[in-house]
Each structure stands twice: as C-alpha cells, then as structure tokens.
Amino acid sequence: MRCAAEAVARVSRFTRAVQARPRTRAHRLTPRAEASTETGGSPEGTMLLLGLTGSIGMGKSAVSSMLTEKLRVPVLDSDAVVHELYSPGGDAVEPVAALFPGVVDPDGGISRPELGKFVLGPDNEAAMAALEAVVHPLVDAARWKFLDDADKAGETLVVLDIPLLYEKGYENTVDLVVVVSAGSTETQRNRVLARPGMTPEKFEAIVARQVPDEEKRSRADFVIDTGCSLAETERAVGALVAELRSTGAGRAAVWSRMKAERRG
C-alpha cells in the first residue's frame, strides 16, 4: 500500500512567498468526515482558489472528475472552455479562422488536427503566440464569470483546471496549486500513446511545451499521485478537499484581490 500512503502524504509544501510560511516537510492529511459533505470557510465568505495542473497523460482529467462528481467542488476546466470556444458558433471560430485558413471543419467549428498543423512544433512558435493572443482573453473572461458566479453562490473552495498553469504564469492567479503526477515518464508516455490518433512525434511536440513533471512537483503546494489504483487516488483527493475545506479560508487571498483590482 505504499502508493496509497504517498498519495495522501504528498501534501502542503507551502512553497510560494504569498503563504508567508516556511517550507515544511510533507505530512499526512487528516480527513474530517463532516468536511466532505459540508462547505467550510471564513466568516467573510472568502473563496479559496485551487489551481489544478499536470502534464499530459498524468491523470489530471480523472482527478478533475473526482472533484466535480464525487466531492461536488466547482471546477472550471480550461480545456472544456476552449472546446466550447472552438465549437460551431463559438467566439473563437471566426478570429482563429482568419488567422489560419482551412481550419474550420464541415460543421462550422475549429478542427484541432488542422489547427495543430499550424501551431505545434518548434518552428511554429509565432503562430502559437498569435493563437494564444486571440484565445486567452476569451478564456480569461470565462474564468472571471465562473468565479463571480461561484462567489455569489457562496462557494468557499473552487478549482481552476489549467493544463499550462506553470508554463503561462497562472500560478499567481490562484492561492494554492495541486499537481497531478503518475510519478513516471514511462507511465505517462504509455498512457498518451494509447490514445487514438496519437503518435510519438505529436507526444514529443506536446511535452516540449510543458514544464517537466519533476519541476512541477517541486513547485507545487500539493501533489496527487495517480500511479496507484483509482480508488487510492480518489481517497487522496478526498483527503485534500477535506483539509482545504476545513483550513483553506485562512489561505484565501487571490479572489479578494482580483475583485479589488477590478473595482479600482
């Protein structure tokens, strides 16, 4: 049961200066039964923003599903937002099509395989930057609406699922970061290459744009291990949520700052 212990014990590192706390050794989370079904929080209703990230094939989507379906934690999936933006009638279709002719599929949405021909690979960095200049503001608008709605609903813990959180500097837009990792590049590679349409070349191109898993784990506040069974990982996720619901309000600051900056 080594994996189960690691999945629960790889927790709070307090690595970022905003915590105003020294870095500590990992410790075991102690779940509280009531925390899994009740929403805690500060008297002021401060909302804790937890960033969820992880490299391709590391199990982030599975953890995201556990958070929403099992633990009822609101999660904004940035990939899902982009998918909606690229869908027929989506706000990104027209500007992206103007940048890259031929990427619109017969249904009127953006074809990701066709778009990938323009933006993936080391020779297409300028094209990728142009795409991000169009898409990122739209994603940011969706993120703001999600947070505003969650705040009005009285939520005290929300998750922002951001695949390129470290790569794009989004760690400063959340209070804490949890990294999902299988702990093995071989496991990662095997998982990704088993996906339909994936090739070693595509895999390498994607990985080249991502911060290495080892670095992500070293920078994270929490690490969830998905190299274990699904049930073991689920217990670790539940323990993390219980901990944050019972103690997280004291670490929440980003949302209050965002609202203040917007008012200013």
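For clarity, every value in this text was computed on a predicted model and none was experimentally measured.

**Quick notes on the environment of A129**
Turning to its location among the elements, A129 is positioned in helix α6 (residues 125–152). Residue A129 is classed as partly exposed on the basis of its relative accessible area, which comes to 42%. It is 8.5 Å that separates the C-alpha atoms of A129 and V119, two residues lying 10 residues apart in sequence.

**Examining helix α5 (residues 112–119)**
All of the buried residues along α5 are L115, G116 and V119. Here the buried residues of α5 occupy an arc of 105° about the axis, which is enough to place them on one side. Exposed side of α5, more than 90 degrees from the buried face: P113 and K117 are the residues found there. Its buried side turned inward, α5 meets α3 (78–86), α4 (93–99) and α6. Two residues or fewer after α5 comes G121, characterised by a positive phi angle close to 105°.

**Thoughts on the layout of surface pockets**
Regions of empty space are outlined by a rolling probe, equal in size to a water molecule, passed over the atoms. Approximately 1600 Å³ is the volume found for the largest pocket. Along its surface, the largest pocket is lined by 50 residues, and D79, R112, P163, I206 and R209 are the ones closest to its centre. Among the secondary structure elements, those contributing two or more residues to the lining of the largest pocket are α2 (60–70), α3, α5, α6 and α8 (200–208). For the lining of the largest pocket, the element with the highest residue contribution is α6, accounting for seven residues. Taken together, domain 1 (1–14 + 44–74 + 155–264) and domain 2 (89–154) each give at least three residues to the lining of the largest pocket, which thus spans both. Contributing to the lining of the second largest pocket are 13 residues, with G121, E125, M128, A208 and R209 lying nearest its centre. At the level of elements, α6 and α8 are the ones that each hand at least two residues to the lining of the second largest pocket. Here the lining of the second largest pocket takes four residues from α6, the largest share from any one element. Among the residues forming the lining of the second largest pocket, the class breakdown is seven nonpolar, one polar and five charged. Taken domain by domain, the lining of the second largest pocket gets at least three of its residues from each of domain 1 (1–14 + 44–74 + 155–264) and domain 2 (89–154).

**Points about the pattern of salt bridges**
Per the counting criterion, the structure on display carries 14 salt bridges. Among the ionic pairs, D148 bridges to K152, the shortest N-O distance being 3.3 Å. You can see D148 and its partner K152 sitting in helix α6, four residues apart, about one turn around the helix. By relative accessible area, which is 23% here, D148 ends up partly exposed.

**A look at the packing of aromatic side chains**
All chains considered together, the criterion is met by two aromatic pairs. Here the aromatic rings of F100 and F118 are separated by 5.3 Å at their centres, their planes lie at 40°, and the arrangement is tilted. Of this pair, F100 sits in the loop between α4 and α5 while F118 sits in helix α5, and the two are 18 residues apart along the sequence. Geometrically, the ring pair formed by W144 and W255 is tilted, given 5.1 Å between the ring centres and 50° between the ring planes. Here W144, found in helix α6, pairs with W255, found in helix α11 (residues 254–263); they are 111 residues apart in sequence, far enough to count as distant. Judged on exposure class, the residue W144 and its partner W255 are both buried. We note R143 situated over the ring of Y170; from NZ or CZ to the ring centre the distance is 4.8 Å.

**Some details on the nonpolar core**
One finds L49, Y86, V96, L115, L131 and L147 to be the most contacted residues of the largest nonpolar core, which totals 39 residues. Sorting the residues of this core by element identifies α3, α4, α5, α6, β3 (157–161), β4 (176–181) and α11 as the ones contributing at least two each. Counting contributing residues, this core receives three or more from each of domain 1 (1–14 + 44–74 + 155–264) and domain 2 (89–154). Apart from residues no more than four positions distant in its own chain, V96 is found in contact with Y86, V103, I110, L115, L131, V134 and V135. With 22 residues, the next largest nonpolar core counts V63, L71, L157 and V178 among its residues.

**Section: the environment of H136**
One can find H136 in helix α6. Residue H136 is classed as partly exposed on the basis of its relative accessible area of 25%. What H136 contacts, discounting residues up to four positions off in sequence, is K168 and Y170.

Rules used in this analysis
- Residues numbered from 1 in each chain as written.
- Predicted model: local features only at pLDDT ≥ 70, side-chain atom pairs only at ≥ 80, totals over all residues.
- Heavy atoms only, no water.
- Helix = DSSP H or I, 4+ residues; strand = E, 2+ residues; numbered from the N terminus.
- Buried < 20%, exposed > 50% of the residue type's maximum accessible area, 1.4 Å probe, protein only.
- Arc of directions from axis to C-beta.
- Contact = heavy atoms within 4.5 Å.
- 1 Å grid on protein atoms, 1.4 Å probe; cavity = no way out; pocket = protein on both sides within 12 Å on 5 of 7 lines; lining within 4 Å.
- Points joined across faces, edges and corners; volume = space filled by probe spheres on them.
- Domains from an automatic or database assignment.
- Nonpolar A, V, L, I, M, F, W, Y, C, P; charged D, E, K, R; others polar.
- Salt bridge = Lys/Arg side-chain N within 4 Å of Asp/Glu carboxyl O.
- Phe/Tyr/Trp six-rings, centres within 6.5 Å; stacked < 30°, edge-to-face > 60°.
- Lys NZ or Arg CZ within 6 Å of the ring centre and 35° of its normal.
- Core = buried A, V, L, I, M, F, W, Y, C linked by side-chain atoms within 4.5 Å.

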